[in-house]
Amino acid sequence: MIDLHDRVIAITGASRGLGAGIARAALAAGAQLALCSRGRAGLEASERVLTERLDVRDADAMRHFAREAFERFGRVDLWINNAGALEPVGPLIDIEPESFRALIETNVLGVAWGCRAYLRELRERDQRGVLLNISSGAARKAYRGWSGYCASKAAVDRLSEAIALEEAERVRVHSVAPGVIATAMQAAIREKSPREFPDVGRFIELEQRGALLEPEAAGAALLELAFDPDKRSDEVCIDVRD
Ligand SMILES: NC(=O)c1ccc[n+]([C@@H]2O[C@H](COP(=O)([O-])OP(=O)(O)OC[C@H]3O[C@@H](n4cnc5c(N)ncnc54)[C@H](OP(=O)(O)O)[C@@H]3O)[C@@H](O)[C@H]2O)c1
């Protein structure tokens, strides 16, 4: 793992799963962290770790979190919009509008508000940074039962590409499909019925043959993409499996 002693990293959705895994990998490599989620952060608050409870759907709360992070550490070198949801799963014809709305608000608006908050702080301070939005293979491949999730992740890819054009002088932007990772979201996928999610068997099989990445290892790969010159890519949309 590369040395991150002089780095400051903000991560949304850091109470568990991939977000908490990135945070553990970054802390072990020496970084200072700003973490947010609705539930308690996966790491204890400390001199090196700022934690905040918020909902990414709240644009004002995101602005406040970004300001706090920059004021505490002086800069944020890397901002990761990781918070995301999968539910509701099932054919669109059976989905309730409110749950679909909540998914789109979390996965699309939450990422947009995170990007906006970070970009505004960079502009105010005339600083540069790296922005990683966590996408999914489902951005490029449709699955029955995942209409909202697929649509939301495709939106994250296009949003990221538009920002990369708008803010080329200020940020390097990537929208990253992080691979299949052993988190609560994957456990929830394996619990679905074939009626809700016809491809469920494929995900059960991936777990049975030990093909899932551990969150910390997946997190370390994302940190290398951001900071290791040898791992740097000119592409905005990246699938770590490629
Ligand atoms: N696991 C995989 O195989 C996989 C594959 C491809 C992409 N991804 C993507 O990776 C990201 C992380 O997924 P995961 O597997 O780690 O899922 P997870 O275990 O369900 O964790 C999701 C995280 O997002 C936070 N979150 C959800 N809604 C939020 C909201 N409205 N406001 C603030 N925080 C919110 C959760 O915290 P609170 O509930 O405490 O708020 C939690 O920390 C997601 O964007 C997901 O789509 C995962």
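Calculation notes
Residues numbered from 1 in each chain as written. Predicted model: local features only at pLDDT ≥ 70, side-chain atom pairs only at ≥ 80, totals over all residues. Helix = DSSP H or I, 4+ residues; strand = E, 2+ residues; numbered from the N terminus. Rg over C-alpha atoms; globule rule 2.2 N^0.38 Å. Buried ≥ 20, exposed ≤ 12 C-beta atoms within 10 Å, placed from the backbone. Contact = placed C-beta atoms within 7 Å. Axes fitted to C-alpha atoms, helices over the stretch in contact; angles between N-to-C directions. Parallel < 35°, antiparallel > 145°, perpendicular 65-115°, else oblique. Left-handed = near helix turned anticlockwise from the far one by under 90°. Nonpolar A, V, L, I, M, F, W, Y, C, P; charged D, E, K, R; others polar. Near = placed C-beta within 6 Å.

**Section: the overall build of the protein chain**
On a plain count of helices and strands, the protein chain comes out with seven helices and seven strands. When the helices and strands of the protein chain are listed from N to C terminus, the series reads β-α-β-β-α-β-α-β-α-β-α-α-α-β. By the compact-globule yardstick of 18 Å for 242 residues, the protein chain fits well, its C-alpha radius of gyration being 17 Å. The dimensions of the protein chain, computed from C-alpha atoms along their principal axes, are 50 × 35 × 35 Å. Within the span of the protein chain, comprising 242 residues, buried residues form 43% of the whole. Within the protein chain, counting contacts between residues at least 6 apart in sequence, those at least 24 apart form 68% of the total.

**Considerations on the packing of helix α1 (residues 17-28) against helix α7 (residues 215-227)**
Contact pair α1 / α7: the axes reach a minimum separation of 7 Å and the direction vectors enclose 65°. Judged by the inter-axis angle, α1 sits roughly perpendicular to α7. Crossing hand, α1 versus α7: right-handed. In this structure, α1 uses G17, L18, A20, G21, I22, R24, A25 and A26 to contact α7, whose residues at the interface are P215, E216, A218, G219, A220, L222 and L223. Its residues assigned to classes, the contact of α1 with α7 shows ten nonpolar, three polar and two charged.

**A look at the site of the ligand**
Looking at the ligand, there are 28 residues lining it, with G13, G17, R38, G39 and G84 nearest. Those elements that provide at least two residues to the shell around the ligand are α1, α3 (97-125) and α5 (184-190). Residue classes in the shell around the ligand are distributed as eleven nonpolar, 13 polar and four charged.

Spatial relationships are all this shows, so hold off on functional conclusions.
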